[in-house]
Amino acid sequence: MSAALDAAARALGEARKVHERRPGDLRAELVFERARADFEAARAAEAEARAATADARRASLRTEMARLKREFEDRARALVARARPKRRRAQAQALGPLFEGRPF
């Protein structure tokens, strides 16, 4: 919990004690309700901050995954190219222009 949420929880606890001691006192009830609203606002603010942090972390992880995927694909292409015999590669490159533009 953040310091603001801790302070709001403490204030709410104190206001609740006073309100429970004097249940008919409207002023104590008003202080209690204000403290409860402050606590809920602090809790919502903390939840939003946690969500923003999680969103930023997810975006960072998505970027890292895309980079790793590109790196993996580049390495895979290099391995395939290296595994292909040079003679076959040279032959495919030499025969390529012979068949360009001809219908089969």
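Residues numbered from 1 in each chain as written. Predicted model: local features only at pLDDT ≥ 70, side-chain atom pairs only at ≥ 80, totals over all residues. Heavy atoms only, no water.

(A) Region of interest: the confidence of the model for the chain. Looking at the chain as a whole, the pLDDT averages 86, with 80% of positions reaching at least 70. By mean pLDDT, the top-scoring element of the chain is helix α2 (residues 26-83) (93), and the lowest-scoring one is helix α3 (residues 86-95) (65). (pLDDT = per-residue confidence, 0-100. Helix = DSSP H or I, 4+ residues; strand = E, 2+ residues; numbered from the N terminus.)

(B) Seen up close, the packing of helix α1 (residues 3-21) against α2. The contact between α1 and α2 brings their axes to 8 Å, and the two run at 160°. For the element pair α1 / α2, the angle class is roughly antiparallel. Taken as a pair, α1 and α2 cross one another with a handedness that is left-handed. Residues Ala4, Leu5, Ala8, Ala9, Ala11, Leu12, Ala15, Arg16, Val18 and His19 of α1 lie in contact with α2, whose contacting residues are Ala28, Glu29, Val31, Phe32, Ala35, Arg36, Asp38, Phe39, Ala42, Arg43 and Glu46. Among the residues forming the contact of α1 with α2, the class breakdown is 14 nonpolar, one polar and six charged. (Axes fitted to C-alpha atoms, helices over the stretch in contact; angles between N-to-C directions. Parallel < 35°, antiparallel > 145°, perpendicular 65-115°, else oblique. Left-handed = near helix turned anticlockwise from the far one by under 90°. Contact = heavy atoms within 4.5 Å. Nonpolar A, V, L, I, M, F, W, Y, C, P; charged D, E, K, R; others polar.)

(C) Region of interest: the nonpolar core. Among the nonpolar cores identified, the biggest contains eight residues, and these are Leu5, Ala8, Leu12, Ala15, Phe32, Ala35, Phe39 and Ala42. Taken together, the elements giving at least two residues each to this core come down to α1 and α2. In contact with phenylalanine 39, not counting residues within four places along its chain, are Leu5, Ala8, Ala9 and Leu12. (Core = buried A, V, L, I, M, F, W, Y, C linked by side-chain atoms within 4.5 Å. Buried < 20%, exposed > 50% of the residue type's maximum accessible area, 1.4 Å probe, protein only.)

(D) Structural view of the pattern of salt bridges. Counted by the stated rule, this structure contains eleven salt bridges. Arginine 43 serves as the salt-bridge partner of glutamate 40, at 2.9 Å between the closest nitrogen and oxygen. Here the residue glutamate 40 and the residue arginine 43 both occupy positions in helix α2, the gap between them amounting to three residues, near one helical turn. Using a relative accessible area of 44% as the deciding quantity, one classes arginine 43 as partly exposed. Arginine 58 is the partner of aspartate 55 in a salt bridge, and the nearest nitrogen-oxygen pair spans 2.2 Å. In this pair, aspartate 55 and arginine 58 both sit in helix α2, three residues apart, roughly one turn of the helix. What makes aspartate 55 partly exposed here is its relative accessible area of 43%. You can call arginine 58 partly exposed: its relative accessible area is 44%. (Salt bridge = Lys/Arg side-chain N within 4 Å of Asp/Glu carboxyl O.)

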